[in-house]
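# Analysis of the macromolecular model
The chain contents come next:
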Amino acid sequence: MRYGSEIGNFPADSCRGFPVRMAQSARFMNGHKLAPTKVSRSLMTKRKKWLFSLAALAALIVAAMFIAGIVIQRRAEPYIREQAIAWLRQQFASDVRLGSLKIHLGPTSPLRLLWHQGHGTLVSVKGTDLVLQQPGQTDLPPELSIHKFTFQVDLGAVFAAQKTIGLVTVDGMILNVPPKGERHILAGSAVRQTTDVNIAEVIATNTQLLIIPRVKGKNPLRFDIAWLRLQSIGGNTAMQYDAMLTNPKPPGQIHSVGTFGPWAASEPGDTPLAGKYTFDDADLGVFKGIAGILHSTGQFEGTLSAITARGEAVVPDFRLKRAGNPVPLSTRFEVLVDGGNGNTVLQPVHATLGKTQFSTTGSVLRHDGDTRRTITIDADMPRGRIEDALRLAMKGPPMMEGQLALKARIVIPPLAQKVKEKLILDGRFSIFQGKLLRSQVQDKIDSLSRRGQGQPDNEEISEVLSNITGSFHIEDQTVNFHSLSFSTPGADVKLAGAYDMGNDTVDFHGSLSLEAKVSKTMKGWKRWALIPVDPFFAKNGAGTFLKIRIDGPAKSPKFGLDRGGK
C-alpha cells in the first residue's frame, strides 16, 4: 500500500508506457528476446509502408527527370537548327540552306540538366555549307555562303526568349553584294531584323567580299579578308570590326578597324561602313614602269556600294624603272569609290614629289555603252622644281634646274590599245630661270645670249638663265606643240611643231629674234662686213630676225635657217 500510494502520486504522463518498459527490462535481464506486442507491430508496418511509398515516389521523380533530360538532349539539335534558320531568314530576308548541323553536350547528367533547366551546360555546335540565297533567284550567286562554322552556347539560353552566344568561328565565308536596286524580296519574306539573338563575337578566316557590278559579265570588285573579327552582332545596331585584308596589287596587308552595319537586308549595298586603315610595305614594283615601297594610312565612311576615303600615302623611294633615280613622293587624298560600277572620283589630291608640290583631280568612269573605263585627270603644278621631275625621268643627275609651272589634262579613252597609243593630253607649261647643268647646250645658250646682246667676246656672260613656255596636245603618240617659246637675255625663240614619239623624231619651225643687229653678233672682219646687210635682218622690232627650223632625230636634231619661211 505504501508503494502503491507512492506510485499513485506520479503524474499521468510519467506512468504512460511504464508497464511495457518494465516487462521488456525484465525479459532482457532473463537473457531472452521477447515477442513484439500488437502496438509495436502496427507502428512498424505503417513505417515500412511510408518508406516504401516515399522511395517509389522518389524513383518516379528521378525517372521522370531522367526521361525529361533525355528529351531535352534530343530536342536541342533540331531546335537549334530551327532557331538558327529562322533567325537568319528573318535577319537577311533570304532563303536559307544548311548542309549539316551537329551538337555535342558537355559532361552532364539528365538529372542535373533538368534540375538547372540547362543553365551551366555548354552545347558545342558545328555546321557546314550554310547558304543564304535571294528568294526565288537561284540563278544568281548566293548572297552569303559559309563553308563551316562552330560556336558554343549555354543550353539554358537556347530555350530562353533572349538568346546569347559568346563566340562564333567561321571559315570560308563569301559575301556577294548585288547592285543597288536589284535586291528582290518576295511577298511574305519582308525584312524583320530580330533582337532576340545576340552574338558577342565572330571570328572569320578566309573571307571574300564581292561587290557585283551592274554591267553583266564584268568581274566583281573583290576584297580578300584574311582575318575578320566582328563584335556585338544582332538586332538593329552597328557591329565593331577588326580586319586584315590581303591586297593583290600592290601586294600587302591592310589592317582596318571600325564599324559595320546594321545589315540592310532589303538593299545590302546600303549597309553602313566606316573605319580607319593602315597599309604598309606595299611593293609598287609589280606595276609596269614604276617601283618603290608604299605606306598609307587613312579613314573612310559610306556604304558597301559607295565609299569615301581620305588619307595619306608615302613612297620614300618612288622611281621610274627606266631611270632608276629614287625621289620621295607623298600624297594627301580624298577619293570616292562606287562599288557597283567601279567608278572612282578623285577629289583634290595634294602631292609632293621631292620638294615640288602639285595637285590633281579626276575620275575613272565607265559611260553607257563603254566596255572599258575612261580615265580623266587634271594636274596643276603652280610652282615646282624642274630638277625633281628630271631626276625622276632621266638617268643620272638632272641636266637642268629651275622653276616649273604646269597645267595639264590627261584623258585615257576606253579603247583596247596600249596606254601610250590611246593617251590624250592637253597642257601648258612654263620653265622660269632655267639653267642647264654640266651641258654643252648651256655653252651654246651662253654664246647665243652674248651674240644676241652684241657682245660675242664677253665671257662674263655665262650660265645665263632661260625661260621656256609652251602649250601642247598629245594624241596618237604625237606631241603637237601649238607654241613653244624660249627666251634668254638678248635672244628669243618662238617655235611650233611636233614630236613623233613612235619614231623619236622632231619637226619644229619658227623664228629667232636677237636684240643686236646681225653685224654685232659676229667677231673680227665679219662684224664690219655685215654692216651693210643689217637693215635686211632687222624686222618685227628685233635687231636680227631669222626664220629657223629644228628637225631630225630627237637625240641629234639639225638646226638651220628655214628657207621655206614656215
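Just so it is clear, the structure is predicted and the values come from calculations on it, not from any experiment. (Residues numbered from 1 in each chain as written. Predicted model: local features only at pLDDT ≥ 70, side-chain atom pairs only at ≥ 80, totals over all residues. Heavy atoms only, no water.)

### Regarding the overall build of the protein
Put simply, the test is: Starting at the N terminus, helices and strands are each numbered in turn, a helix being any DSSP run of H or I of at least four residues and a strand any DSSP run of E of at least two. Here's how the labels work: a residue is buried when its accessible area is under 20% of the maximum for its type, exposed when over 50%, partly exposed in between, all with a 1.4 Å probe on protein chains only. Throughout, a contact is declared for two residues whenever any of their heavy atoms are within 4.5 Å. All accessible-area figures derive from a Shrake-Rupley calculation using a 1.4 Å probe, and residue coverage is judged against the displayed protein chains alone.
When its secondary structure is counted, the protein shows 11 helices and 24 strands. Expressed as a percentage of its 566 residues, the buried residues of the protein come to 38%. Across the protein, contacts joining residues at least 24 apart in sequence account for 53% of those joining residues at least 6 apart. Here the protein displays about 32800 Å² of accessible surface, and carbon together with sulfur accounts for 59% of that area.

### Let's talk about the pattern of salt bridges
Under the convention used in this document: The working definition used for a salt bridge is a side-chain nitrogen of Lys or Arg within 4 Å of a carboxyl oxygen of Asp or Glu.
Scanning all chains against the criterion turns up 16 salt bridges. Residues joined in a network through salt bridges with shared partners are Arg385, Glu387, Asp388 and Arg391.

### Here we look at the environment of Val345
With respect to the secondary-structure elements, Val345 resides in strand E14 (residues 344-353). Taking relative accessible area as the criterion, Val345 reaches 28% and is therefore assigned partly exposed. Expressed as a C-alpha distance, the spacing of Val345 and Glu334, which sit 11 residues apart in the sequence, is 8.6 Å. If we skip the residues at most four places from it in the chain, Val345 touches Glu334, Val335, Leu336, Gly362, Ser363 and Leu365.

### Examining the packing of aromatic side chains
Pairs of aromatic rings are described using the distance from one ring centre to the other and the angle between the two planes. Test applied: Stacked, edge-to-face and tilted are the three classes for Phe, Tyr and Trp ring pairs, Trp counted by its six-membered ring, which pair at centre distances within 6.5 Å; planes under 30 degrees apart are stacked, over 60 edge-to-face, the rest tilted.
Tallied over the full model, the rule gives 5 aromatic pairs. Ring geometry for Phe472 versus Phe481: centroids 6.3 Å apart, planes at 55 degrees, classification tilted. Phe472 sits in the buried class, given a relative accessible area of 11%. The buried category is assigned to Phe481, whose relative accessible area is 17%. Seen from their ring centres, Phe481 and Phe508 are 5.6 Å apart, and the 50 degrees between their planes marks the pair as tilted. In this pair, Phe481 is assigned in strand E20 (residues 478-488) and Phe508 in strand E22 (residues 505-514), connecting sequence segments 27 residues apart. For the residue pair Phe481 and Phe508, the accessibility class agrees, reading buried in each case. A connected cluster of aromatic rings, assembled from ring pairs, spans Phe429, Phe472, Phe481 and Phe508.

### Let's talk about the pairing of strand E23 (residues 544-553)
Definition in use: When DSSP locates at least two bridges between a pair of strands, those strands are taken to pair.
Strand direction decides the pairing type here: E22 and E23, joined by 10 bridges, are antiparallel. Across the sheet, the residue bridging to Asp507 is Asp551, located in E23. Strand direction decides the pairing type here: E23 and strand E24 (residues 558-561), joined by 4 bridges, are antiparallel. Bridge assignment links Ile550 to a residue of E24, and that residue is Phe559. Where E23 folds back on E24, the antiparallel hairpin that results is connected by 4 residues.

### Topic: the pairing of strand E9 (residues 272-283)
Pairing analysis gives 8 bridges linking strand E8 (residues 252-260) to E9, with the strands arranged antiparallel. Each bridged residue has a counterpart across the sheet, and for Val257 the counterpart in E9 is Lys276. When E9 meets strand E11 (residues 293-303), the two strands line up antiparallel, connected through 10 bridges. Of the residues in E11, the one forming a bridge with Lys276 is Gln299.

### Thoughts on the side chain of Thr544
Applied cut-off: Under the rule applied, a polar contact is a pair of N or O atoms within 3.5 Å (in protein, one hydrogen donor and one hydrogen acceptor; residues adjacent in sequence only if both atoms are side-chain atoms).
Along the chain, Thr544 turns up in strand E23. For Thr544, the side chain forms a polar contact with the main-chain oxygen of Ala516, separated by 2.7 Å. Not counting residues up to four positions away in its chain, the partners in contact with Thr544 are Leu512, Ser513, Leu514, Ala516, Lys517, Val518 and Phe537.

### Description of helix H9 (residues 440-452)
Selection criterion: A helix's residues, less one, multiplied by 1.5 Å, set its expected span.
A rise of 1.5 Å per residue sets the reference length of H9, with its 13 residues, at 18 Å; its end C-alpha atoms lie 18 Å apart and thus fit the reference within 8%. On its buried side, H9 packs onto strand E18 (424-436), strand E19 (466-475), E20 and E22. A positive phi of about 75 degrees marks Gly454, the residue just after H9.

### Focus on the confidence of the model for the protein
Keep this limit in mind: Residue-level confidence of the predictor is summarised by pLDDT, bounded by 0 at the bottom and 100 at the top.
Here the protein averages 79 in pLDDT, while 74% of its residues score no lower than 70. In the model of the protein, helix H1 (residues 2-8) stands out as the element of lowest mean pLDDT, 40, in contrast to E11, which has the highest, 93. Predicted confidence for residues 1-34 stays below pLDDT 50, and this span has 8 contacts to residues more than four positions away or in other chains.

### Let's talk about the environment of Leu495
Take Leu495: it is sitting in strand E21 (residues 491-500). Sequence separation between Leu495 and Phe481 is 14 residues, and the spatial gap between their C-alpha atoms is 8.1 Å. Sequence-distant contacts of Leu495, defined by excluding residues within four places in its chain, comprise Ser483, Leu484, Phe508, His509, Gly510, Ile548 and Ile550.

### What to know about unusual backbone geometry
At the junction of Gly261 and Pro262, the peptide bond is cis and its omega measures out at 5 degrees in the coordinates. One non-glycine residue with positive phi stands out, namely Asp504, at about 55 degrees. Looking at the element boundaries, Asp504 is found in the loop between E21 and E22. For Asn540, which is not a glycine, the phi torsion comes out positive at approximately 50 degrees.

### A short note on the environment of Leu390
Secondary-structure assignment places Leu390 in helix H7 (residues 386-393). With 65 residues separating them in the primary sequence, Leu390 and Asn325 have C-alpha atoms 9.5 Å apart. Setting aside residues no more than four positions away along its own chain, Leu390 makes contact with Pro398, Met399 and Met400.

### Structural notes on the side chain of Asp534
To be explicit about the condition: Positive: Lys, Arg. Negative: Asp, Glu. His and the chain ends are not part of the count.
With respect to the helices and strands, Asp534 occurs in helix H11 (residues 534-537). Of the side chains with opposite charge, Lys517 comes closest to the buried, unpaired Asp534, at an N-O distance of 5.7 Å.

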